[in-house]
Amino acid sequence: MTMNKRLLPLLVFALATSWIYAQGGPGPGRDRIRTLKIAFITERVSLTSKEAQDFWPIYNEYDEKLQNIRRRERFELRSRIGMIEDLSDNESAALLAKYLAIQKEKYDAEQDFISRINKVISPKKTLLLLEAEEDFKKRLLQQMRKRRGGG
């Protein structure tokens with residue numbers, strides 16, 4: 001029984017990921033990946049229906065906030081990282097200050113999220129959530145590498 005509980009999420013993940021890639025397209029793929037992530041997290045954290053009802057609005061708000069921060073990070077920082085050699089000391093200092101501000105914003109968002117989510121799920125389930133997110137990212141990257149023939 002324990003083995004089945006562990007294999008089910010893996011099997012669902014593997015089949016669904018294959019299905020996502022078979023469908024093609026980055027836009028709809030994102031929605032499918034998001035749907036997979038929701039199922040993966042729900043299963044791994046063992047959210048009850050009541051917990052899920054309270055959990056997902058908080059999680060979705062946090063996830064959207066992080067996506068916005070990452071978009072800004074790509075736009076404001078990463079686009080200029082390739083030009084480091086050409087930056088003056090003042091420009092480099094300003095870029096570094098932006099970097100630190102964005103890192104602090106991510107940290108603050110995570111602190112706020114964990115504080116809010118701990119009112120909905122137990123600390124143990126919060127830790128399971130953090131682990132599930134990392135596992136999902138790793139598995140998604142593995143699937144992408146396999147698809148591209150790199151792994």
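Before reading further, recall that the structure is shown in the block above.
Structural notes, computed from the coordinates. All values derive from a computational prediction rather than experimental measurement.

1. Overview of the overall build of the protein
- Secondary structure assignment for the protein yields five helices and zero strands.
- Expressed as a percentage of its 151 residues, the buried residues of the protein come to 28%.
- Summarising the internal contacts of the protein: among those between residues at least 6 apart in sequence, 69% fall at separations of at least 24.
- As displayed, the protein offers around 10400 Å² of accessible surface, 56% of which is attributable to carbon and sulfur atoms.

2. Description of empty space enclosed by the protein
- Under the counting rule described, the total for this entry stands at one cavity of 30 Å³ or more.
- Its boundaries defined by the atoms lining it, the largest cavity holds a volume of some 50 Å³.
- Every residue lining the largest cavity is listed: Ile58, Glu61, Tyr62, Lys65, Ala109, Asp112, Phe113 and Arg116.
- For the lining of the largest cavity, the elements supplying multiple residues, two or more each, are helix H3 (49-81) and helix H4 (89-117).

3. Comments concerning the pattern of salt bridges
- Enumeration over the complete set of coordinates arrives at 11 salt bridges.
- A salt bridge links Arg72 to Glu105; the shortest N-O distance between them is 2.5 Å. Note that Arg72 is positioned in helix H3 and Glu105 in helix H4, a separation of 33 residues in sequence.
- Glu105 sits in the partly exposed class, given a relative accessible area of 31%.
- Among the salt bridges present, the one from Lys104 reaches Asp108, with a minimum N-O distance of 2.8 Å. Within this pair, Lys104 and its partner Asp108 are both found in helix H4, separated by four residues, close to a single helical turn.

4. A few points about the nonpolar core
- Ranked by internal contacts, the top residues of the largest apolar core, which has 25 residues, are Ile41, Leu47, Phe55, Trp56, Tyr59, Phe113 and Leu129.
- Residue assignment for this core shows that the elements contributing at least two residues are helix H2 (26-45), H3, H4 and helix H5 (123-148).
- The contact partners of Leu129, leaving out residues within four places of it in the chain, are Ile41, Val45, Phe55, Tyr59 and Phe113.

Each value, and the rule that gives it
Counting restarts for each chain, with residues numbered from 1 along the sequence as it is written. This being a predicted model, a pLDDT of at least 70 is required before a residue's local features are given, and a value of 80 or more before pairs of side-chain atoms are given or counted; all residues contribute to the totals for chains, interfaces and linings. Side-chain figures throughout are based on the complete set of non-hydrogen atoms in the structure, without hydrogens or water. Note on conventions: DSSP H or I runs of at least 4 residues are helices, E runs of at least 2 residues are strands, and numbering of each starts at the N terminus. Only protein chains enter the calculation, and the probe is 1.4 Å; a residue is then buried if its accessible area is under 20% of its type maximum, exposed if over 50%, and partly exposed in between. Two residues qualify as a contact provided that any one of their heavy atoms is within 4.5 Å of a heavy atom in the partner residue. Calculation of accessible area relied on Shrake-Rupley with a 1.4 Å probe; when residues are assessed, cover is drawn exclusively from the protein chains displayed. Cavities and pockets are found on a 1 Å grid laid over the protein atoms alone: a cavity is a set of points where a 1.4 Å probe fits but cannot escape, a pocket is an open set with protein on both sides within 12 Å along at least five of seven lines, and a lining residue has an atom within 4 Å of such a point. Grid points are joined across faces, edges and corners, and a volume is the space filled by probe spheres set on the points. Any Lys or Arg side-chain nitrogen found within 4 Å of a carboxyl oxygen on Asp or Glu counts as a salt bridge. Side-chain atoms within 4.5 Å link the members of a nonpolar core, which is a set of buried Ala, Val, Leu, Ile, Met, Phe, Trp, Tyr and Cys residues.

Function cannot be read off these values alone, since they describe shape.
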